[in-house]
Amino acid sequence: MASEPGTQSRVMFQAQDKTEDPAHRKLGKLTVKYNRKDLQRRLDIEEWIDGQLHLLFDCEEEEIPELEIDIDELLELPDEGQRTRLEELLQECGKPKEDFINGLLYRIKGLRKMSGPLKK
């Protein structure tokens, strides 16, 4: 293959986009700092809470009153304080809430509090 005398062939390499790389690093640090099993357990508890709130308020997600059940906040409280805080949060619920409260307190036993950077 002959080239014209005045033109030279060049091979150009494009650098990879670095915007994706930090996300992988954060994920790596996250799974090292927090055991994957603990993260999955926390996610399962949050999904359970969501499902139970649908049953307690007997309505669609958009109609559920704005509730912020902060697992880390509950973990900082003594046992009776956890129960009291949940009762305060669920005041507007007309249905019996003891089963939900007991179930949640049982599920968060042994769960570790997460540190500041992951909390929103």
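Read on for a plain summary of the structure. The shown structure was predicted, so the numbers you read here are calculated from the model rather than taken from an experiment. (Residues numbered from 1 in each chain as written. Predicted model: local features only at pLDDT ≥ 70, side-chain atom pairs only at ≥ 80, totals over all residues. Heavy atoms only, no water.)

### Quick notes on the overall build of the chain
Now for step 1: Helices and strands together make up the secondary structure of the chain, namely five helices and zero strands.
Now for step 2: Along the chain, helices (α) and strands (β) appear in the sequence α-α-α-α-α when read from the amino end.
Now for step 3: By the burial criterion, 23% of the 120 residues in the chain qualify as buried.
Now for step 4: Sequence-distant contacts, at least 24 apart, represent 64% of the contacts inside the chain between residues at least 6 apart.
Now for step 5: Approximately 9900 Å² of the chain is accessible, and the part contributed by carbon and sulfur atoms is 50%. (Helix = DSSP H or I, 4+ residues; strand = E, 2+ residues; numbered from the N terminus. Buried < 20%, exposed > 50% of the residue type's maximum accessible area, 1.4 Å probe, protein only. Contact = heavy atoms within 4.5 Å. Areas by Shrake-Rupley, 256 points an atom, 1.4 Å probe, with all protein chains shown as cover.)

### Comments concerning the packing of helix α2 (residues 36-57) against helix α5 (residues 98-108)
Each pair of packed helices can be summarised by the angle the axes make with each other and by the distance between the axes.
Now for step 1: It is at 11 Å that the axes of α2 and α5 come closest, and there the two elements cross at 180°. By the angle class used here, α2 and α5 are roughly antiparallel. Within the contact between the two elements, α2 uses Arg41, Ile45, Trp48, Ile49, Gln52, Leu53 and Leu56 and α5 uses Phe100, Gly103, Leu104, Arg107 and Ile108.
Now for step 2: Across the contact of α2 with α5, the residue classes tally to eight nonpolar, two polar and two charged. (Axes fitted to C-alpha atoms, helices over the stretch in contact; angles between N-to-C directions. Parallel < 35°, antiparallel > 145°, perpendicular 65-115°, else oblique. Nonpolar A, V, L, I, M, F, W, Y, C, P; charged D, E, K, R; others polar.)

### Let's talk about a negative patch on the surface
Now for step 1: Side chains of Asp44, Glu46, Glu47 and Asp50 sit close together on the surface and give a patch of like negative charge.
Now for step 2: Within the secondary structure, Asp50 sits in helix α2. (Patch = residues over 30% accessible without salt bridge, like charges linked within 9 Å, V, L, I, M, F, W, Y side chains within 5 Å. Salt bridge = Lys/Arg side-chain N within 4 Å of Asp/Glu carboxyl O. Lys, Arg positive; Asp, Glu negative; His and termini not counted. Charge placed at Lys NZ, Arg CZ, Asp CG, Glu CD.)

### Regarding the environment of Glu73
Now for step 1: Counting through the fold element by element, Glu73 comes out in helix α3 (residues 71-76).
Now for step 2: Each C-alpha atom of the pair Glu73 and Lys113 lies 8.5 Å from the other, and the pair is 40 residues apart in sequence.
Now for step 3: A polar contact is formed between the side chain of Glu73 and the side chain of Arg85, at a distance of 2.8 Å. (Polar contact = N/O pair within 3.5 Å; in protein donor to acceptor, adjacent residues only side chain to side chain.)

### Regarding helix α4 (residues 79-89)
Now for step 1: Within the span of α4, buried status applies to Gln82, Leu86 and Leu89. Buried residues of α4, viewed axially, fall in a sector of 60°; they line one side.
Now for step 2: Buried positions along α4 lie against α3 and α5. (Arc of directions from axis to C-beta.)

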